[in-house]
Amino acid sequence: MVNTTIKTTKSQEIFSAAQNLMPGGVNSPVRAFKSVGGQPIVFDRVKGAYIWDVDGNKYIDYVGTWGPAICGHANPEVITALHSALEKGTSFGAPCALENVLAEMVIDAVPSIEMVRFVNSGTEACMAVLRLMRAFTKRDKIIKFEGCYHGHADMFLVKAGSGVATLGLPDSPGVPKSVTGDTLTAPFNDLEAVKVLFEENRGEIAGVILEPVVGNSGFVPPDAGFLEGLREITTEHGALLVFDEVMTGFRISYGGAQEKFGVTPDLTTLGKIIGGGLPVGAYGGRRDIMSMVAPAGPMYQAGTLSGNPLAMTAGIKTLELLQKPGTYDYLEKITKKLADGLVEVARETGHATCGGNISGMFGMFFTKGPVHNYEDAKASDTAKFGRFHRGMLEHGIYLAPSQFEAGFTSIAHTQEDIERTLQAAREVMSGL
Ligand code: KE4
């Protein structure tokens, strides 16, 4: 089914052609709208809080290229900085001072990070941090949580969230059991299940990796005491605690979830915002652990474009903008109004709904809730979410095209944008 009320002729033409060129017509599965129906719109340009598609339709954007656009798309200060960086070249494949600048900003901001390595995506960061966990502890097993997504590396494709959940894939063909055999899973927010895994695998677990606030099962915050409990359990068993803050880093506070909740992991992964829209990922943490990474130590990891001056420039300027006083208070204010408003409008129009936000990250489910984990999220009315998504698109509001994703605002979103979004939601939900 294609979007009916808005003209999407060009989008349809381009997307149809794309399907003969690239699997599913996309370069990342969640973009294909598989779980919400309808055809994706093809973007032409973005600016601030807005998107324009190739047919000229304008939308208020709550995906923000999956988190990086926290300062608004094509932020003029970021663009200007990139223009001057471009004059000096795009990639050196050698040390450059800009890497020091961004490294110092990340180290200053993120409590757990004493030393950092830049890579080119969140997937790379998570792959590397897993190898480092195993190298440091000399143990092979890891614990991840159902519905959490840590990129598409083999060892994480076990009950993963995001696009894997969106497409309802049991896991993925091509991933040998020999690789996932050491990946143990537990329900998010279930400390007892984690304790049992540690008891059953005494001395064999390298560590626990999680999204401290889950964005890849939809928006699922940690229950009180959950993060603190994981810190205790891992320390007790000589295992490492790893926060995958690819999504939450610099999003829910300048120091991420670990600053917000006051729980310091041993290692952290980052991505998205630290690249300001260009490809950057990072992993970092305790100096004694990071010193194992080649060439300082024996654990190998490398990358041609890692730390390239163009991506470093976009990241540096983005973090500078986020340091402005009041940034996160503003994100909290407008996003709380949005998230609470969506739940209120849904309930007023007769739909069981729950949801919420932490700073500029939000989500909602069509279920009474509360949603504590992936099972709860899967039990929500995902078909209704699909109809809601399409209706909002036709009203000029671009939400993440999956129930198993979070939403994102930016400092470019205005009160008027939020009010317009809530008005659209009221109209759509009245007809759901
Ligand atoms: P990338 O390899 O996509 O840069 O990062 C992987 C990753 C790792 N960890 C977390 C917590 C993540 O959210 C992600 C990627 N997020 C998804 C959206 N939920 C990226 C969007 C996509 O897959 O197209």
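First, a word on scope: everything that follows refers to the structure included in this document.

What counts and what doesn't
Residues numbered from 1 in each chain as written. Predicted model: local features only at pLDDT ≥ 70, side-chain atom pairs only at ≥ 80, totals over all residues. Heavy atoms only, no water. Helix = DSSP H or I, 4+ residues; strand = E, 2+ residues; numbered from the N terminus. Rg over C-alpha atoms; globule rule 2.2 N^0.38 Å. Buried < 20%, exposed > 50% of the residue type's maximum accessible area, 1.4 Å probe, protein only. Contact = heavy atoms within 4.5 Å. Areas by Shrake-Rupley, 256 points an atom, 1.4 Å probe, with all protein chains shown as cover. Phe/Tyr/Trp six-rings, centres within 6.5 Å; stacked < 30°, edge-to-face > 60°. Lys NZ or Arg CZ within 6 Å of the ring centre and 35° of its normal. Pairing = 2+ DSSP bridges. Core = buried A, V, L, I, M, F, W, Y, C linked by side-chain atoms within 4.5 Å. Near = heavy atom within 4 Å. Polar contact = N/O pair within 3.5 Å; in protein donor to acceptor, adjacent residues only side chain to side chain. Nonpolar A, V, L, I, M, F, W, Y, C, P; charged D, E, K, R; others polar.

### Remarks on the overall build of the protein chain
Stage number 1. A tally of helices and strands in the protein chain yields 15 helices and 14 strands.
Stage number 2. For 432 residues, the compact-globule formula gives about 22 Å, and the C-alpha radius of gyration of the protein chain, at 21 Å, lands near that figure.
Stage number 3. Within the protein chain, the proportion of its 432 residues that are buried is 59%.
Stage number 4. Within the protein chain, residue pairs in contact and separated by at least 24 positions form 73% of the contacts whose partners lie at least 6 positions apart.
Stage number 5. Accessible area of the protein chain: about 17,200 Å², with a carbon and sulfur share of 55%.

### What about the packing of aromatic side chains?
Stage number 1. Applying the stated rule across the entire model yields 11 aromatic pairs.
Stage number 2. Aromatic side chains Phe33 and Tyr398 sit 6.4 Å apart centroid to centroid with 40° between the ring planes, which places their arrangement in the tilted category. Highlighted residues: Phe33 in the loop between helix 1 (9-21) and strand 1 (43-47) and Tyr398 in strand 13 (residues 397-398), separated in sequence by 365 residues. The same class applies to Phe33 as to Tyr398, namely buried.
Stage number 3. Here Phe366 and Phe388 contribute two aromatic rings whose centre-to-centre distance is 5.6 Å and whose plane-to-plane angle is 85°, an arrangement assigned as edge-to-face. One end of the pair, Phe366, is in the loop between strand 12 (361-365) and helix 13 (374-378); the other, Phe388, is in helix 14 (residues 382-394), with 22 residues separating them in the sequence.
Stage number 4. Overall, the relative accessible area of 1% leaves Phe388 in the buried class.
Stage number 5. Each member of the aromatic cluster is reached from another via a ring pair, and the members are Phe33, Phe43, Tyr59 and Tyr398.
Stage number 6. The lysine or arginine in question, Arg45, covers the ring of Trp52, its NZ or CZ lying 3.9 Å from the ring centre.
Stage number 7. Here the guanidinium or amino end of Lys58 rests over the ring plane of Tyr50, the centre of that ring lying 4.2 Å away.

### A few points about the sheet that holds strand 2 (residues 50-53)
Stage number 1. Taking strand neighbours across the sheet as the criterion, the four strands line up as 1-2-3-13 in an open arrangement whose pairing is mixed. With partners counted over all chains shown, the strands left at the sheet margins are strand 1 and strand 13, one partner each.
Stage number 2. Alignment of strand 3 (residues 58-61) against strand 13, held across two bridges, turns out to be parallel. Note that in strand 13 the partner of Asp61 across the bridge is Tyr398.

### Here we look at the nonpolar core
Stage number 1. Ranked by internal contacts, the top residues of the largest apolar core, which has 34 residues, are Tyr62, Leu342, Phe388, Met392, Tyr398 and Met429.
Stage number 2. Of all elements in the fold, only strand 3, helix 12 (327-348), strand 12, helix 14, strand 13 and helix 15 (415-430) reach the threshold of two or more residues within this core.
Stage number 3. Apart from residues lying up to four places away in sequence, Phe388 is in contact with Leu342, Met364, Phe366, Leu399, Ala425, Val428, Met429 and Leu432.
Stage number 4. Counting 31 residues, the second largest nonpolar core, distinct from the first, contains Ile70, Cys71, Tyr254 and Ile316.

### Some thoughts on the site of the ligand
Stage number 1. Taken together, 17 residues surround the ligand, and among them Ser28, Thr123, Asn216, Asp244 and Glu405 come closest.
Stage number 2. In the environment of the ligand, an oxygen atom lies 3.0 Å from a nitrogen or oxygen atom belonging to the backbone of Gly122.
Stage number 3. Residue Tyr149 places a main-chain N or O atom 3.4 Å away from a nitrogen atom belonging to the ligand.
Stage number 4. With the chains in place, 87% of the 540 Å² that the ligand exposes on its own is no longer accessible.
Stage number 5. Taken together, the residues of the shell around the ligand sort by class into five nonpolar, eight polar and four charged.

### Focus: the pairing of strand 11 (residues 354-358)
Along any regular strand the residues' side chains alternate between the sheet's two faces.
Stage number 1. Burial analysis of strand 11 places four of its five residues in the buried class, which makes it a mostly covered element.
Stage number 2. Linking strand 11 back to strand 12 in an antiparallel pair, the connection comprises two residues, with Ser359 at a positive phi of about 50°.

### Structural notes on the pairing of strand 10 (residues 281-285)
Stage number 1. Summarising burial for strand 10: five of the five residues are buried, a large majority.
Stage number 2. Neither face of strand 10 is exposed, since Gly281, Tyr283 and Gly285 on one face and Ala282 and Gly284 on the opposite face are all buried.
Stage number 3. Relative to strand 10, strand 4 (residues 115-119) is paired through five bridges, and the arrangement is antiparallel. Counted as the bridge partner of Val116 is Gly284 from strand 10.
Stage number 4. Pairing analysis gives four bridges linking strand 9 (residues 267-270) to strand 10, with the strands arranged antiparallel. Looking across to strand 10, one finds that Leu270 is bridged to Ala282.

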